[in-house]
Amino acid sequence: MTSQPSLFQGLNDAQREAVETVDGPLLIVAGPGSGKTRVITHRIAHLVHDYGIPPYRIAAVTFTNKAAREMRDRVARLVGTNANSVTGGTFHAFCGRMLRQYGEMIGVNRNYSIYDSDDQLALIKQAEQMASKDPQRFPPRTIQSIISRAKSVMMNSQALERAAADYFEKTAAEVYYYYEELLARNNAVDFDDLLLKAVLLLENNGEIRDLYQQQYPFLMIDEFQDTNVAQYQLSRLLTGPSQNVCVVGDPDQSIYSWRNADIRNILSFQSDYPGAKVIALEQNYRSTGAILSAAKSLIASNRMRLDKDLFTSNADGDPLVVHEAYDEEEEAAFVISEVEHLVRSKSFNPGDCAVMYRVNAQSRALEEACLHLGVKYRLVGGVRFYHRREIKDLLAYLHLLQNPRDAVNLGRVVNVPPRGIGAKTMQTLQEWAQGQEVPLYTAMQQVAAAKNSGQTPPVRLAARAVNAISAFVSVAERLMGFAQTVPVVKLIDLTLQESGLDRHVRESDDSPEERWENVLALRELAQEFNAEDPPDGLASFLERVALVSEVDSFEESEDSLTLITLHQAKGLEFPVVFMVGMEEGLLPHSRSMESESEVEEERRLCYVGVTRAQRKLYLLRAFRRGFMSYRGPTVASRFLNEIPAASIAGASDGSSGPYRVPTTRSARVVTNDQWRPAAMAAATPSRPSLSVGDSVRHNTFGEGVVLDLTASNGDVEVTVEFTGGLGTKRLLLSFAPLEVIKG
DNA sequence: TCCTCATAACTTTTT
DNA sequence: GTTATGAGGA
């Protein structure tokens, strides 16, 4: 039982301590690039190698499946075993497996479908109908987020009803009630349910809880700052009497509060696990000094944080580059030409570079530039693979085969390809099924059975509809016969053929080749899955498919540039990072400027982006940008001003260098939360001598900053934020005694 | 019942 | 500049 020297070699004191601390609760606060993954994997390897703990007794919860895979690989490399690997995955996947096995104990049938947020939305619309609520007054999306928030803090509809503060929330609670009813009828769960029901299962069932605690005496949870209340509960329930739980996180990288993540979890940890050891990893190995100091001064503007002292012994490296382009096209062109320049100078591969942005829509300009200039790229996310119509259709068939009670997926495929079962027919069927209290599919079976035995169908339906239904049912029945016996790939082939979906996709009028390729890609996935030969083939395939994220399939490649959202970039690193769209309204996003805490989360998001960079960081903004139907001037992101001039190229001497974005004017905007981005304004400014961001002086109001210019009846309405607590005033340019101080 | 064309409403981030 | 919905004709 001697420690393999290499396990501790090259670790710093804090890392070593974290690896060695295997007893009792442990909180590792890990700054970006502080060797977190290294610590986690070495700690597991230490447990396995020096304490003889079998890897499968260790459960490691990660944020993405990709992270889990990497962790497993690295542990395997360290310990030299590949057989009994660590149990790893996301909370959702972990819960999915648990429910598949033991869900029956709390009334979850093992064939349940997992509904994604589109399915969820469809169901909420139905629920609103049942509750006779007007979707105009109660937007399903809003209701959806209320329900999701409730579920994430373990509230059922009754609890939400009790807690409802106003009529809107009361309505939401009512819809929630019907929504749950519908889920149950469809034998389906949503993402939140996976967590919620797993918690209920463990809470109400001591035996299962003991089973899990014994099975996994060692529990590790990564990205703890992004867990929600249900996940926190789950981690408490999974922690056995030995209290061997190790959580790793960084409050400064908490960027999922909109998904109900609660930073307080990381703070509660210390009170809920008295005697928890806290270790901070503060040495950064990833980035240059310049990048790290930019990151530090950026995040220092957040008020709600625990102070950390990050440091690095890396060289300062190149200063950051701040570039203001004219518009998004030029911004993209600058990125691409810079990438080409870096590649030509032989210091980097395209694969070393990543472009990060706040919203997926920003990828378009970049993609176009790549195509135009012949640069290979990999787009992470975008229109998500599993959200593509052909993929959803195929998966809907598979879901139906697995779970015939699933009326949402049934409704999705019943007329794809068109086979004469329209909305009217389905409406009639549904009403009848509801009256009989049988699942929709059963109702269809009955219609088909009646037809086949020459009886009149039990519902009033056109003869053509009856024929169509019976044809559909016979296809479905045949496929269901195969569902549990043939491998998933085979089932996919059969489904494509029998249902006519293959022809339908291949002959669709918009980009049939691409769609068919997607179908084949899914088939390919099934093939790979098949090779693993898992038990419960179809069920676990569907589960996996429902719970993968886009980054999961992200693989580094030498020759292509990566395009990725800031959120998805979390946990990744690149030698060269370009952050585009450093503008007010985009980063921070206009929908996240209502409150200080939202802005702070945006700042953390920015921090995450900055700290992904190893050697070179470019911050870009466009002076003009088009959103939707509007294009107009923008204002530099306040975050640019929070990065010290000293770390920026051409600005270190204090003067404005070629790349330096003017700072003084937007610096003033920073403090104002009421501010709205100019880009969101409804009209195009005419051509005044003023522009957004200019400092102006008014005879009576004093000095201020121009926030917005709007054309109005041949004049221009100027919105000015006055300093000195006067607030915002709207003035007509031709009348207002305004004088430009600086522009 | 299906398909086409028009319009409107909109896009934050995702397991 | 998109994508979801609706009306109307085949």
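Note that the structure is a prediction, hence the values are computed from the model and not measured. (Residues numbered from 1 in each chain as written. Chains lettered and ligands numbered in written order. Predicted model: local features only at pLDDT ≥ 70, side-chain atom pairs only at ≥ 80, totals over all residues. Heavy atoms only, no water.)

What am I meant to see in the sheet that holds strand β14 (residues 613-622) here?
By definition, the strands of a sheet pair up through backbone hydrogen bonds, in either a parallel or an antiparallel sense. As summarised here, the arrangement of the 6 strands in space is β9-β14-β13-β10-β12-β11, forming an open sheet in which the pairing is parallel. The open sheet is flanked by β9 (321-325) and β11 (377-379), the only strands paired with a single partner. Each strand axis lies, on average, 20° off the axis of its neighbour in the sheet, ignoring direction. Sitting on the sheet, helix α15 (residues 328-344) is in contact with β9, β10 (353-357), β12 (561-565), β13 (574-579) and β14, with an inclination near 155° to β14. Across the sheet, helix α16 (residues 363-373) is in contact with β10, β11 and β12; its angle to β11 comes to roughly 155°. (Pairing = 2+ DSSP bridges. Helix = DSSP H or I, 4+ residues; strand = E, 2+ residues; numbered from the N terminus. Axes fitted to C-alpha atoms, helices over the stretch in contact; angles between N-to-C directions. Contact = heavy atoms within 4.5 Å.)

Just checking my understanding: could you explain the side chain of Thr562 for this structure?
Locating Thr562 in the fold gives a position in strand β12. Leaving out residues up to four positions away in the same chain, Thr562 has contacts with Cys353, Ala354, Val355, Arg378, Val380, Phe554 and Phe574.

Quick question: what am I supposed to make of the pairing of strand β7 (residues 245-249) here?
Put simply, side chains in a regular strand alternate between the two faces of the sheet. Extensive coverage of β7 is indicated by the burial of 5 of its 5 residues. Bridge count for strand β1 (residues 26-30) against β7 is 4 bridges, and the pairing is parallel. Opposite Leu27, over in β7, you have Val247 as the bridge partner. Where strand β6 (residues 218-221) lies against β7, 3 bridges are found, and the strand directions are parallel. Paired with Leu219 across the bridge in β7 is Val245. Taking the sense of rotation as the criterion, the β-α-β connection linking β6, helix α12 (residues 229-238) and β7 turns out right-handed. (Buried < 20%, exposed > 50% of the residue type's maximum accessible area, 1.4 Å probe, protein only. Right-handed = clockwise from strand over helix to strand, strands pointing away.)

When you look at the nonpolar core in this model, what are you seeing that I'm missing?
Side chains of nonpolar character tend, in soluble globular proteins, to be buried together. One finds Leu398, Leu429, Phe472 and Phe541 to be the most contacted residues of the largest nonpolar core, which totals 54 residues. Counting residues per element, this core draws most heavily on helix α21 (residues 463-483), which supplies 10 residues. Discounting chain neighbours no more than four positions away, the residues touching Leu429 are Leu440, Ala443, Met444, Val447, Leu461 and Ile469. Leu566, Ala569, Leu617 and Leu640 belong to the second largest nonpolar core, which has 40 residues in total. (Core = buried A, V, L, I, M, F, W, Y, C linked by side-chain atoms within 4.5 Å.)

Please clarify how the confidence of the model for chain A should be interpreted in this entry.
Detailed reading of the predicted coordinates is not advisable wherever pLDDT falls low. Residue-level pLDDT values for chain A average 84, and 87% of them are 70 or greater. Across chain A, β13 holds the top mean pLDDT of 96, while helix α29 (residues 664-669) sits lowest at 29. In this model, residues 652-688 is a region of pLDDT below 50 whose contacts with residues beyond four sequence positions or in other chains number 81 contacts. (pLDDT = per-residue confidence, 0-100.)

Explain the pattern of salt bridges here, please?
Oppositely charged side chains may form a pair once their charged atoms are brought near each other. On inspection of all chains with the given rule, the structure shows 37 salt bridges. For Lys66, the salt bridge is made with Glu70, and the minimal N-O distance between the two is 3.1 Å. Of this pair, Lys66 and Glu70 both sit in helix α4 (residues 65-79), 4 residues apart, which is roughly one turn of the helix. The exposure class of Glu70 is partly exposed, given its relative accessible area of 34%. For Lys392, the salt bridge is made with Asp116, and the minimal N-O distance between the two is 2.9 Å. Of the two residues, Lys392 sits in helix α17 (residues 389-402) while Asp116 sits in the loop between β4 (113-115) and α6 (117-130), which places them 276 residues apart along the sequence. The exposure class assigned to Asp116 is buried, which follows from its relative accessible area of 13%. One continuous salt-bridge network, built from bridges that share partners, spans Lys36, Asp222, Glu223, Asp226 and Lys570. (Salt bridge = Lys/Arg side-chain N within 4 Å of Asp/Glu carboxyl O.)

Just checking my understanding: could you explain the packing of aromatic side chains for this structure?
For any pair of aromatic rings, the description consists of the separation of the ring centres together with the inter-plane angle of the planes. For the coordinates displayed, the defined rule picks out 16 aromatic pairs. Arranged with centres 4.4 Å apart and planes meeting at 20°, the rings of Phe578 and Tyr618 form a pair that is stacked. Linking Phe578 in strand β13 with Tyr618 in strand β14, this pair joins segments that are 40 residues apart in sequence. Tyr618 carries the same exposure label as Phe578, and that label is buried. Grouped by ring-pair contacts, the aromatic residues Phe94, Tyr102, Tyr212 and Tyr216 constitute a single cluster. Directly above the aromatic system of Tyr112 lies the positively charged group of Arg100, at a separation of 4.2 Å from the ring centroid. The side chain of Arg506 reaches across the aromatic face of Trp516, ending 4.1 Å from its centre. (Phe/Tyr/Trp six-rings, centres within 6.5 Å; stacked < 30°, edge-to-face > 60°. Lys NZ or Arg CZ within 6 Å of the ring centre and 35° of its normal.)

Even after reading the chapter, I still don't get the protein's contact with DNA strand B, so can you show me in this structure?
With respect to spatial proximity, 29 residues lie near DNA strand B, and among them Arg358, Asn415, Lys424, Thr425 and Ser549 are the closest. The sugar-phosphate backbone supplies 56% of the atoms of DNA strand B found within 4 Å of the protein. Thr565 places a side-chain nitrogen or oxygen 3.1 Å from a phosphate oxygen of DNA strand B. Ser592 is positioned such that a nitrogen or oxygen atom in its side chain is 3.4 Å from a base nitrogen of DNA strand B. Listed by contribution, the elements that provide at least two residues to the surface near DNA strand B are α19 (423-436) and α26 (566-569). The residue inventory of the surface near DNA strand B, partitioned by class, reads 7 nonpolar, 13 polar and 9 charged. (Near = heavy atom within 4 Å. Polar contact = N/O pair within 3.5 Å; in protein donor to acceptor, adjacent residues only side chain to side chain. Nonpolar A, V, L, I, M, F, W, Y, C, P; charged D, E, K, R; others polar.)

I tried to follow helix α24 (residues 512-532) on my own but got confused; where do I start?
For an α-helix, the turn length of 3.6 residues means that residues three or four places apart are oriented alike. Helix length check: α24 (21 residues) gives 31 Å between terminal C-alpha atoms against 30 Å at 1.5 Å per residue, within 8%. Turning to α24, its buried residues number three or more, namely Pro512, Arg515, Trp516, Asn518, Val519, Leu522, Ala526 and Phe529. Within α24, the buried residues cover an arc of 155° as seen down the axis, which keeps them to one side. Exposed side chains of α24 directed beyond 90 degrees from the buried face belong to Glu513, Glu517 and Ala531. Of the surrounding secondary structure, the elements contacted by the buried residues of α24 are α17, α22 (488-499), α23 (501-506) and α25 (537-547). (Expected span 1.5 Å × (residues − 1). Arc of directions from axis to C-beta.)

What's the story with the environment of Glu390 in this structure? I'm lost.
As for its placement among the helices and strands, Glu390 is situated in helix α17. For Glu390, a relative accessible area of 5% corresponds to the buried category. It is 8.6 Å that separates the C-alpha atoms of Glu390 and Leu501, two residues lying 111 residues apart in sequence. When neighbours within four sequence positions are excluded, Glu390 is seen to be in contact with Val505, Arg515, Asn518 and Val519.

Sorry if this is basic, but what is going on with the sheet that holds strand β2 (residues 58-61) here?
Taken in spatial order, the 6 strands make up an open sheet running β3-β2-β6-β7-β1-β8, and their pairing is parallel. Only two strands of the sheet have a single neighbouring strand rather than two, namely β3 (87-89) and β8 (277-281). For this sheet the average axis-to-axis angle between neighbouring strands, irrespective of direction, equals 15°. Alignment of β1 against β8, held across 5 bridges, turns out to be parallel. Within β8, the position partnered with Leu27 by the bridge is Val278. Seen against the sheet, helix α2 (residues 13-20) touches β1 and β8 and runs at an angle of roughly 145° to β8. Its contacts with the sheet put helix α3 (residues 36-51) on β1, β2, β6, β7 and β8, and the angle it makes with β6 is roughly 175°.

Can you help me understand the packing of helix α5 (residues 91-102) against α12 in this one?
The description of two helices packed together rests on the angle between their axes and the distance between the axes. Where α5 meets α12, the axes come as close as 12 Å, and the angle between the chain directions of the two elements is 60°. In this view, α5 runs oblique relative to α12, as classed from their interaxial angle. Crossing geometry of α5 relative to α12 is assigned as left-handed. Between α5, through Phe91, His92, Phe94, Cys95 and Met98, and α12, the contact on the second element is made entirely by Gln231, Leu234 and Leu238. Residues of the contact of α5 with α12, tallied by class, amount to 6 nonpolar, 2 polar and no charged. (Parallel < 35°, antiparallel > 145°, perpendicular 65-115°, else oblique. Left-handed = near helix turned anticlockwise from the far one by under 90°.)

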